[in-house]
Amino acid sequence: MQKTDRHQVIVEEVQLHNRVLLTDLANILNVSMDTVRRDIKELDELKKLRKVHGGAISNGFNTYSDRSKEIFEQDSKVKIAKKGISLLKNGDVVLISGGSTNLELAGLIPRKMDLTFFTPSLPMAIELLNNKTHHHEVYIIGGKLSKESQLVTGGLSINSLTDISVDVCFLGTGYLDSEKGITETDLEIAQLKKAMIDSSKRLVALTISKKLNTVSRFKICEINTLTDLVTELEPSAKILESYRSKGVNLV
């Protein structure tokens, strides 16, 4: 594979999953780790992505300071966010993680809704607070803040989540598969998301369909733990049949 083709694949993988590990890219491209490191370094210098320890993240990964930046598949994510709002009821207590689709949802919530939010995501907390049309209560879960993901992780955050019970959780997801479930590249984030699920009566995943049938290293939950799966597709789409068969409500 030529370098330009490798670069295209790397950028697409990073845009899709937000964070990708060097080892996974080496396997996808069937090249050495050294080759992937060089490619990542060049793409970082070209500002196509951000090089981090062990891999790369997208330029817009959990970035709240400049929402004018181009967002991957933004039209689809806005459509998904609008569908997700239909699952909310006035007075709900909501637990929500980060991610660009969840951030779109936060910006589209109708003013008339009276909601209480808990989040372990710094960008999400700021997005909710900066929306002048909303008057929701916003609580940020405490813990160690990851510089890369801008999520709090670790024992403190997990212990905090055991003390709350929420009506609905919007779980940011990078990898979903009807057989392998929901998975994550980072072990600490996977543990945090497990705790979020345990605190929730209803579990919702908002995701573009390109993330379906993808798998990473660390298991968060089985796919039938999901109450609702929201994509830009019609619920009758063939790619969603295996998720429907697991008892997941398709929106």
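Everything here concerns the structure above.
Going along each chain's sequence as written, the residues are numbered from 1 onward. Side-chain atom pairs in this predicted model are given and counted only at pLDDT of 80 or more, local residue features only at pLDDT of at least 70, and totals for whole chains, interfaces and linings cover all residues. In computing side-chain properties, one takes all heavy atoms of the structure into account and sets aside hydrogens as well as water.

## Points about the environment of Arg37
Part 1: Secondary structure elements follow DSSP: runs of H or I of four or more residues count as helices, runs of E of two or more count as strands, with numbering from the N terminus. For Arg37, the location among the structural elements is in helix 3 (residues 33-45).
Part 2: Summary of the burial criterion: residues with accessible area below 20% of their type's maximum are buried, those above 50% are exposed, and those between are partly exposed, where the area comes from a 1.4 Å probe applied to protein chains only. For Arg37, a relative accessible area of 42% puts it in the partly exposed group.
Part 3: Each C-alpha atom of the pair Arg37 and Ser149 lies 20 Å from the other, and the pair is 112 residues apart in sequence.

## Considering the packing of helix 1 (residues 3-17) against helix 2 (residues 22-29)
Helix-helix packing is characterised by the crossing angle of the two axes and by the distance between the axes.
Part 1: To define axes, lines are fitted to C-alpha atoms, for helices over the stretch in contact only, and angles between the resulting N-to-C directions are given on a 0 to 180 degree scale. Viewed as axis vectors pointing N to C, helix 1 and helix 2 meet at an angle of 135°, and their least axial separation amounts to 11 Å. Considered as vectors, helix 1 and helix 2 are oriented oblique to each other. Where helix 1 crosses over helix 2, the two elements pack in a sense that is right-handed. Contact residues: helix 1 offers Arg6, Val9, Ile10 and Glu13, while helix 2 offers Leu25, Ile28 and Leu29.
Part 2: Partitioned by chemical class, the residues of the contact of helix 1 with helix 2 number 5 nonpolar, no polar and 2 charged. Roughly parallel refers to an angle under 35 degrees, roughly antiparallel to one over 145, roughly perpendicular to one between 65 and 115, and oblique to any angle outside these ranges. A clockwise turn of the near helix away from the far one marks a right-handed crossing, whereas an anticlockwise turn of less than a right angle marks a left-handed crossing. Here a residue-residue contact requires only that any non-hydrogen atoms of the pair lie within 4.5 Å. Any residue that is not Ala, Val, Leu, Ile, Met, Phe, Trp, Tyr, Cys, Pro, Asp, Glu, Lys or Arg is counted as polar, Gly included; the first ten are nonpolar and the last four charged.

## Here's the deal with the sheet that holds strand 13 (residues 218-221)
Part 1: DSSP calls a pair of strands paired once it identifies at least 2 bridges connecting them. Strand order in the open sheet formed by 3 strands is 10-11-13, with antiparallel pairing between adjacent strands. In this open sheet, the two strands that pair with only one neighbour each are strand 10 (175-177) and strand 13. Strand after strand, the sheet turns through a mean of 35° between neighbouring axes, direction not considered.
Part 2: One ladder, built from 3 bridges, connects strand 10 with strand 11 (residues 181-184); its direction is antiparallel. Opposite Leu176, over in strand 11, you have Ile182 as the bridge partner.
Part 3: Helix 8 (residues 187-198) contacts strand 11 and strand 13 of the sheet and is inclined by roughly 10° relative to strand 13.

## Overview of the packing of helix 4 (residues 74-85) against helix 5 (residues 100-108)
Part 1: Closest axis-to-axis distance for the helix 4/helix 5 pair is 8 Å, and the angle between their directions is 55°. Relative to helix 5, the element helix 4 is oriented oblique. Remark: the crossing between helix 4 and helix 5 carries right-handed chirality. Contacts from Gln74, Lys77, Val78, Ile80, Ala81, Lys82, Gly84 and Ile85 in helix 4 reach Ser100, Thr101, Glu104, Leu105 and Leu108 in helix 5.

## Some details on the nonpolar core
Part 1: In plain words, nonpolar cores are sets of buried Ala, Val, Leu, Ile, Met, Phe, Trp, Tyr and Cys residues tied together by side-chain atoms within 4.5 Å. In this structure, Leu161, Leu176, Leu226 and Leu229 are the most contacted members of the largest nonpolar core, which totals 31 residues.
Part 2: Ranked by residues supplied to this core, first place goes to helix 8 with 6 residues.
Part 3: Contacts of Leu229, omitting those with residues within four sequence positions, involve Leu176, Ala205, Thr207, Leu212, Leu240, Tyr243, Val248, Asn249, Leu250 and Val251.

## Re the sheet that holds strand 3 (residues 55-57)
Part 1: A sheet is described by the order of its strands in space; here 3 strands give the open sequence 1-3-2, paired in antiparallel fashion. Two strands bound the open sheet, and with one partner strand each, they are strand 1 (19-21) and strand 2 (50-52). The mean angle between the axes of side-by-side strands here comes to 25°, regardless of whether they run parallel or antiparallel.
Part 2: Sheet topology note: the strand 2/strand 3 ladder contains 3 bridges and is antiparallel. When the bridges of strand 3 are listed, Arg50 appears paired with Ile57.
Part 3: Contacts between helix 2 and the sheet are confined to strand 1 and strand 3, with strand 1 contributing the most and set at about 75° to the helix.

## Some words on the pairing of strand 5 (residues 116-119)
Part 1: Here strand 4 (residues 93-96) pairs with strand 5 via 3 bridges, running parallel. When the bridges of strand 5 are listed, Leu95 appears paired with Phe118.
Part 2: A crossover connection joins strand 4 to the parallel strand 5 through helix 5; in handedness this β-α-β unit is right-handed.
Part 3: The pairing of strand 5 with strand 6 (residues 137-140) spans 4 bridges and is parallel. Considered in strand 6, the bridge of Phe118 is made with Tyr139. Clockwise travel from the first strand over the helix to the second, with the strands pointing away from the viewer, marks a crossover as right-handed.

## Description of unusual backbone geometry
Part 1: With phi around 60°, Asn30 is a residue other than glycine that occupies positive phi space.
Part 2: Among the structural elements, Asn30 can be located in the loop between helix 2 and helix 3.
Part 3: The class for Asn30 is exposed, based on a relative accessible area of 70%.

Function cannot be inferred from these measures alone, as they are strictly geometric.
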